[in-house]
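# Chains, contacts and geometry: an overview
Listed below are the residues making up each chain.
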Amino acid sequence: YRPNMQTLMRLYPQMKSGSVISAVDLIRGIGRYAGLDIIKVPGATGLADTNYEGKAAAAIEALKHQDFVYLHLEASDEAGHDGDLELKLRTIEYLDHRIVEPIYNEVKQWNEPVCIAILPDHPTPVEIRTHVSEPVPFLFWHRGITPDSVQCYDEVSCAKGSYGLLRLNQFMESLMQID
């Protein structure tokens, strides 16, 4: 059945268009109900062998024409479910170097305002191999943001940052207020 939910564009009128990039059907379905275009990337698997470069290229291309892009990676979550710490660390390194770095290097050259938000959708500790309901670390990058004192990206450090702990829709509201 169709969930009773408003589109992101209705909730945040400053957002006129958007897309979702994910290999996970559930995420694509939520994206569709949220009013986002679905971008399928060849070779996107939801695992450590996913097409990182293809996802980064698709996000860059979508940002040229849309206000919002949600790029979802499942690889580190799956490594957490498998209890594989080495693989989880490797997938996080892949995220840094094969997704974040090329997107950042591209958009920092644009004259258009771009904000990048990086965060997991939920923790999946390798020790217990399942999702836990705990706060997640996040970061915002935008040319106009003054960095705070946080020097490490982890749950404890990020909670001490200038945004502190955000609840429910406070994250999206904060993101939408960045200009």
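Before reading on, note that the structure itself is shown above.
Described below are features of the structure shown in this document. (Residues numbered from 1 in each chain as written. Predicted model: local features only at pLDDT ≥ 70, side-chain atom pairs only at ≥ 80, totals over all residues. Heavy atoms only, no water.)

## A closer look at helix 5 (residues 85–107)
Taking 1.5 Å per residue, 23 residues should reach 33 Å; helix 5 reaches 32 Å between its end C-alpha atoms and fits that length. The largest bend in helix 5 amounts to roughly 35° and is located at Val-100, with the proline Pro-102 lying one to four residues further along. The set of residues buried in helix 5 consists of Leu-87, Lys-88, Thr-91, Ile-99, Ile-103 and Val-107. For helix 5, the elements touching its buried residues are helix 3 (52–63), strand 3 (68–71), helix 4 (75–82), strand 4 (115–118) and strand 5 (139–142). Its side-chain oxygen 3.3 Å from the backbone nitrogen of Glu-86, Asp-84 forms the N-cap of helix 5. (Helix = DSSP H or I, 4+ residues; strand = E, 2+ residues; numbered from the N terminus. Expected span 1.5 Å × (residues − 1). Bend = angle between axes of the 7 residues up to and from the residue. Buried < 20%, exposed > 50% of the residue type's maximum accessible area, 1.4 Å probe, protein only. Contact = heavy atoms within 4.5 Å. Polar contact = N/O pair within 3.5 Å; in protein donor to acceptor, adjacent residues only side chain to side chain.)

## Some details on the packing of helix 3 against helix 5
Packed helices, taken two at a time, are described by their axes: the angle between them and the distance between them. Between helix 3 and helix 5, whose axes approach to 9 Å, the crossing angle comes to 30°. Of the possible angle classes, the one that applies to helix 3 and helix 5 is roughly parallel. Like other packed secondary-structure pairs, helix 3 and helix 5 cross with a definite hand, here right-handed. Residues Tyr-52, Glu-53, Lys-55, Ala-56, Ala-59, Ile-60 and Leu-63 of helix 3 lie in contact with helix 5, whose contacting residues are Thr-91, Tyr-94, Leu-95, Arg-98, Ile-99, Pro-102, Ile-103, Glu-106 and Val-107. Class assignment for the residues of the contact of helix 3 with helix 5 results in 11 nonpolar, 1 polar and 4 charged. (Axes fitted to C-alpha atoms, helices over the stretch in contact; angles between N-to-C directions. Parallel < 35°, antiparallel > 145°, perpendicular 65-115°, else oblique. Left-handed = near helix turned anticlockwise from the far one by under 90°. Nonpolar A, V, L, I, M, F, W, Y, C, P; charged D, E, K, R; others polar.)

## Notes on the pairing of strand 4
Here strand 4 shows one buried face, formed by Ile-116 and Ile-118, and one open face, formed by Cys-115 and Ala-117. Where strand 4 lies against strand 5, 4 bridges are found, and the strand directions are antiparallel. Each residue of the ladder has a partner; that of Ile-118, found in strand 5, is Leu-139. (Pairing = 2+ DSSP bridges.)

## Overview of a nonpolar patch on the surface
There is a patch of nonpolar side chains on the surface, built from Met-5, Leu-26 and Ile-30 and spanning about 280 Å² of accessible area. Take Leu-26: it is sitting in helix 2 (residues 25–33). (Patch = residues over 30% accessible without salt bridge, like charges linked within 9 Å, V, L, I, M, F, W, Y side chains within 5 Å. Areas by Shrake-Rupley, 256 points an atom, 1.4 Å probe, with all protein chains shown as cover. Salt bridge = Lys/Arg side-chain N within 4 Å of Asp/Glu carboxyl O.)

## Details of helix 3
Relative to the 16 Å expected for 12 residues at 1.5 Å per residue, helix 3 spans 17 Å between its end C-alpha atoms, a close match to the ideal helical length. Listed in full, the buried residues belonging to helix 3 are Tyr-52, Gly-54, Lys-55, Ala-56, Ala-58, Ala-59, Ile-60 and Ala-62. The inward-facing, buried residues of helix 3 contact strand 1 (18–21), strand 2 (37–39), strand 3, helix 4 and helix 5.

## Notes on the nonpolar core
By size, the foremost hydrophobic cluster in this structure holds 18 residues, and its most contacted members are Ile-21, Ile-99, Ile-103, Val-107 and Ile-116. Those elements that provide at least two residues to this core are helix 3, helix 5 and strand 4. Considering each element in turn, this core owes the most residues, 6 residues, to helix 3. If we skip the residues at most four places from it in the chain, Ile-116 touches Ile-103, Tyr-104, Val-107, Leu-139, Phe-140 and Trp-141. (Core = buried A, V, L, I, M, F, W, Y, C linked by side-chain atoms within 4.5 Å.)

## Concerning the pattern of salt bridges
Any two side chains of opposite charge can pair, on the condition that their charged atoms come close. Under the defined criterion, the tally for this structure stands at 4 salt bridges. In this structure, Glu-61 engages Lys-64 in a salt bridge whose closest nitrogen and oxygen atoms are separated by 3.4 Å. On the basis of relative accessibility, which here comes to 40%, the residue Glu-61 falls in the partly exposed class. For Lys-64, a relative accessible area of 46% corresponds to the partly exposed category.

## Some words on the environment of Ile-21
Inspection of the secondary structure puts Ile-21 in strand 1. For the pair Ile-21 and Ala-79, spaced 58 residues apart in sequence, the C-alpha to C-alpha distance is 20 Å. Contact partners of Ile-21, with chain neighbours within four places excluded, come to Ile-39, Val-41, Lys-55, Ala-58, Ala-59, Val-69, Tyr-70, Leu-71 and His-72.

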